[in-house]
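# Report on the structure
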Amino acid sequence: MHCLLGALPHHAMRRLAQRYGPVMLLRLGHVRAVVVSSPEAAREVMKTHDAIFANRPLYVTMDIFTYSGRNITFAPYQSRHWKEVRRLCATELLGPKRVLSFRPIREEEAASLVRGIAASPPALVNVSERIKVLMTDLLMRCAIGDRCPMRDEYIADMDKALELMAGFNLIDLFPGSWLARTLGAGSLRAARELHDRIHRITQAIIDYHESKGAAATTGDVEGSSRREDILDLLLRFQKDGGLGITLTTQVLSGVMFDVFAAGSETTGTTTIWAMSELVRSPRVMERAQSEVRQLLHGKTRVPEADIQGRLPYLQTVIKETLRLHPPAPLILPRLCGESTKVLGFDVPEGTTVFVNVWALGRDKILWADADEFKPERFEDDTTDFSGTDFRFLPGDAGRRMCPGLTFGVANIEITLASLLYHFDWKLPGGASPYELDMSESYGITARRKTDLLLEATPYVPHGLES
Ligand code: HEM
């Protein structure tokens, strides 16, 4: 436990794994945890014994934020609830047809980002803030059909929640201890208050949506007079049935929390890291920009149909960013459902399992120049996000794998293409690219510790029309 103090957990766990090996048992307070840090061990957890490790531990804090597992991310595996909401999520909410139907929203939001940057003098841009707002607006519009009037409050609350949800605070590590409960009472109270606030915002959104009669929308994406959003679809299933479970208000709130949190946080964090790495590597920036600019030459905005499948180098930039900065560096914790062996080591039932995908992505044995940002490594490499290459697992693999990757990558691609097409970027005050601080912050996701501030110089006429 003391080995984790003062360090980011995924960093400390990598250091320990370099000493003790790819399957390592840690005592984190009262929690018995196994940390997996090699592709072979990850394959055993996520493929060979996938069903045994498909559950998740529900820490005290996580219990609060996930409505006791009545969402998708922390719902118990094998529960009817998880099977139905997961199926709904993979086939309907985030299926290919639905992701495509959100294309106009992506294009409008990317164009609005460009307009906002172009219109804001001086040219010093808080890229982190702009991207966070963009991803939240984009997700909200896909999820509820509109921007959220309480967006800024929501972003601030979500930031704090993601920090608390990391699972390494006193109450989560000593769940049965009265002393931990006493000492950690403040953070427990903070978690409850935050959850109440987030719940109130989510509930207000759902109530407003219902009051508009949105649930009555017939729902066929092509046939409908207006685009069916994710909440419309959930309300339709709630009203008409058709699932093997009842979509209670709590379930709706839980699923919406997942969509907002998992969707905007991962995509925003990845896009901000991609911009950070690009600014630090002028050679890569130049190549990525010239690919986008040649393709879109003369256009005033970035139509998704024009870039889809036609920016292979930018795709490698996104993969390389996810290799070095997977937004969930320890994925989401898994729980061993039945005593088993991983690479010959006993893993008792009830053990929490972390897969250190951040360490896998930076392993010097698996990757040449592992710490360097070299998108070219993916040019002749068919590795993708599908969870089949156990060196590269930003969305994980197996039954619990992320169902939102296609959606997430589409959002990241158009945002990056727009930023690179319309502006030249550099660090403020002529600072050298190497001076950019690349520290990460603590939380369930690994974000930049400091905001990314850059100078933007317009490159082509911006799409000023709406
Ligand atoms: C670059 C983008 C993304 C990355 C890297 C990512 C990564 C992850 C990871 C590592 C997990 C945990 C998987 C596991 O424990 O096996 C996960 C789960 C999940 N993600 Fe994503 N995610 C991304 C985008 C999204 C988006 C856009 C959405 C939805 C709007 C989403 C929704 C979910 C959900 C619902 C789960 C829980 C699945 C389950 O427990 O059954 N993700 N994601």
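Residues numbered from 1 in each chain as written. Predicted model: local features only at pLDDT ≥ 70, side-chain atom pairs only at ≥ 80, totals over all residues. Heavy atoms only, no water.

## Digging into the UniProt feature "binding site: heme" (unreviewed entry) in the protein chain
Per the UniProt entry, the sites bearing "binding site: heme" (unreviewed entry) are C402 in this numbering. Tracing the backbone through its elements, the reader meets C402 in the loop between α17 (357–361) and α18 (405–422). The exposure class of C402 is partly exposed, given its relative accessible area of 34%. (UniProt positions renumbered as here; feature names shortened; annotations may be inferred. Helix = DSSP H or I, 4+ residues; strand = E, 2+ residues; numbered from the N terminus. Buried < 20%, exposed > 50% of the residue type's maximum accessible area, 1.4 Å probe, protein only.)

## Brief notes about empty space enclosed by the protein
Taken as a whole, this structure holds 4 cavities of 30 Å³ or more when the rule is applied. In this structure, the largest cavity spans a volume of roughly 870 Å³. As for the largest cavity, its lining consists of 45 residues, and the residues nearest its centre are T73, A262, T266, L332 and C402. Of all the secondary structure elements, the ones that give two or more residues to the lining of the largest cavity are α4 (80–93), α13 (249–280) and α18. Residues that form the lining of the largest cavity fall into these classes: 27 nonpolar, 12 polar and 6 charged. Along the walls of the second largest cavity sit 18 residues, with A166, F168, L330, G443 and I444 positioned nearest its centre. In the lining of the second largest cavity, the residues fall into 14 nonpolar, 4 polar and no charged. (1 Å grid on protein atoms, 1.4 Å probe; cavity = no way out; pocket = protein on both sides within 12 Å on 5 of 7 lines; lining within 4 Å. Points joined across faces, edges and corners; volume = space filled by probe spheres on them. Nonpolar A, V, L, I, M, F, W, Y, C, P; charged D, E, K, R; others polar.)

## Describing a nonpolar patch on the surface
A contiguous nonpolar patch, built from L170, W178, L179 and L183 and spanning about 470 Å² of accessible area, is present on the exposed surface. It is helix α10 (residues 178–183) that contributes the most residues to the nonpolar patch, 3 residues altogether. In this fold, L179 is placed in helix α10. For L179, a relative accessible area of 44% corresponds to the partly exposed category. (Patch = residues over 30% accessible without salt bridge, like charges linked within 9 Å, V, L, I, M, F, W, Y side chains within 5 Å. Areas by Shrake-Rupley, 256 points an atom, 1.4 Å probe, with all protein chains shown as cover. Salt bridge = Lys/Arg side-chain N within 4 Å of Asp/Glu carboxyl O.)

## Some details on the pattern of salt bridges
Scanning all chains against the criterion turns up 35 salt bridges. A salt bridge links R197 to D157, with the shortest nitrogen-to-oxygen separation between them at 3.0 Å. Of this pair, R197 sits in helix α11 (residues 185–211) while D157 is found in helix α8 (residues 151–164), placing the two residues 40 residues apart along the sequence. Of the charged contacts in the structure, one is a salt bridge between D159 and R447, with a shortest N-O distance of 2.7 Å. On the criterion of sequence distance, the pair formed by D159 in helix α8 and R447 in the loop between β8 (423–426) and β9 (453–458) is long-range, its members being 288 residues apart. Exposure remark for R447: the relative accessible area of 16% places this residue in the buried category. Salt bridges sharing common partners tie together E108, E109, D137, R141, R147, R151 and D152.

## Some words on the environment of I365
Relative to the elements of secondary structure, I365 occurs in the loop between α17 and α18. On the accessibility criterion, I365 (79% relative accessible area) is exposed. For the pair I365 and P22, spaced 343 residues apart in the sequence, the C-alpha separation amounts to 13 Å.

## Some thoughts on the sheet that holds strand β1 (residues 23–28)
Taken together, the 4 strands give an open sheet; going across it, the order is β1-β2-β7-β4, and neighbouring strands pair in mixed fashion. In the strand order of this sheet, the two ends are held by β1 and β4 (334–335), each with one partner. Bridging between strand β2 (residues 31–36) and strand β7 (residues 352–355) involves 4 bridges; their strand directions are parallel. Residue pairing across strands places V34 opposite V353, the latter belonging to β7. In the packing of helix α1 (residues 9–20) onto the sheet, contacts are made with β1, β2 and β7, and the angle to β1 comes to roughly 130°. Packing against the sheet, helix α2 (residues 39–48) makes contact with β1, β2, β4 and β7, and its axis sits at approximately 130° to β7. (Pairing = 2+ DSSP bridges. Contact = heavy atoms within 4.5 Å. Axes fitted to C-alpha atoms, helices over the stretch in contact; angles between N-to-C directions.)

## Looking at the packing of α4 against helix α12 (residues 230–240)
Contact geometry of α4 with α12 gives a least axis separation of 12 Å together with a crossing angle of 130°. Classed by the angle they form, the pair α4 and α12 counts as oblique. The element α4 and its partner α12 pack so that their crossing is right-handed. Together, L88, E92 and L93 of α4 and I230, L233, L234 and F237 of α12 make up the contact between the two elements. Classifying every residue of the contact of α4 with α12 gives 6 nonpolar, no polar and 1 charged. (Parallel < 35°, antiparallel > 145°, perpendicular 65-115°, else oblique. Left-handed = near helix turned anticlockwise from the far one by under 90°.)

## Some remarks on the packing of aromatic side chains
Enumeration over the complete set of coordinates arrives at 7 aromatic pairs. Ring plane angle 45° and centroid distance 5.7 Å describe the contact between F102 and F407, whose orientation is recorded as tilted. With a gap of 305 residues between them, F102 in the loop between α5 (96–101) and α6 (103–119) and F407 in helix α18 connect regions that are remote in the sequence. Summarising the burial analysis for this pair, F102 and F407 share the class buried. Positioned over the ring face of F74 is R56, at 5.7 Å from the centre of the ring. When the ring centre of W367 is taken as origin, the NZ or CZ atom of R323, which lies over that ring, is 5.3 Å away. (Phe/Tyr/Trp six-rings, centres within 6.5 Å; stacked < 30°, edge-to-face > 60°. Lys NZ or Arg CZ within 6 Å of the ring centre and 35° of its normal.)

## Regarding the site of the ligand
Close contacts around the ligand come from 26 residues, with R56, R86, R334, D396 and C402 the closest. With respect to the ligand, the side chain of W82 contributes an N or O atom lying 3.0 Å from an oxygen atom. Taking R334, its side chain carries an N or O atom lying 2.6 Å from an oxygen atom of the ligand. If you map the ligand onto the pockets, it falls in the largest cavity. (Near = heavy atom within 4 Å. Polar contact = N/O pair within 3.5 Å; in protein donor to acceptor, adjacent residues only side chain to side chain. Sits in = over half its atoms within 2 Å of the grid points.)

## As for α8
An ideal rise of 1.5 Å per residue puts 20 Å on 14 residues; α8 measures up with 20 Å between its terminal C-alpha atoms. Taken together, the buried positions of α8 are occupied by R151, Y154, I155, D157, M158, A161, L162 and L164. Buried positions along α8 lie against α3 (60–65), α7 (127–144), α9 (170–173), α11 and α13. (Expected span 1.5 Å × (residues − 1).)

## A few points about the nonpolar core
Ranked by size, the top nonpolar core spans 126 residues in total, and within it M275 and W425 carry the most contacts. Broken down by element, this core gets its largest block of residues, 14 residues, from α13. Not counting residues within four places of it along the chain, the set of residues in contact with M275 comprises V127, I131, L416, L419, L420, W425, L452 and L454. V45, I52, V355 and F390 belong to the second largest nonpolar core, which has 20 residues in total. (Core = buried A, V, L, I, M, F, W, Y, C linked by side-chain atoms within 4.5 Å.)

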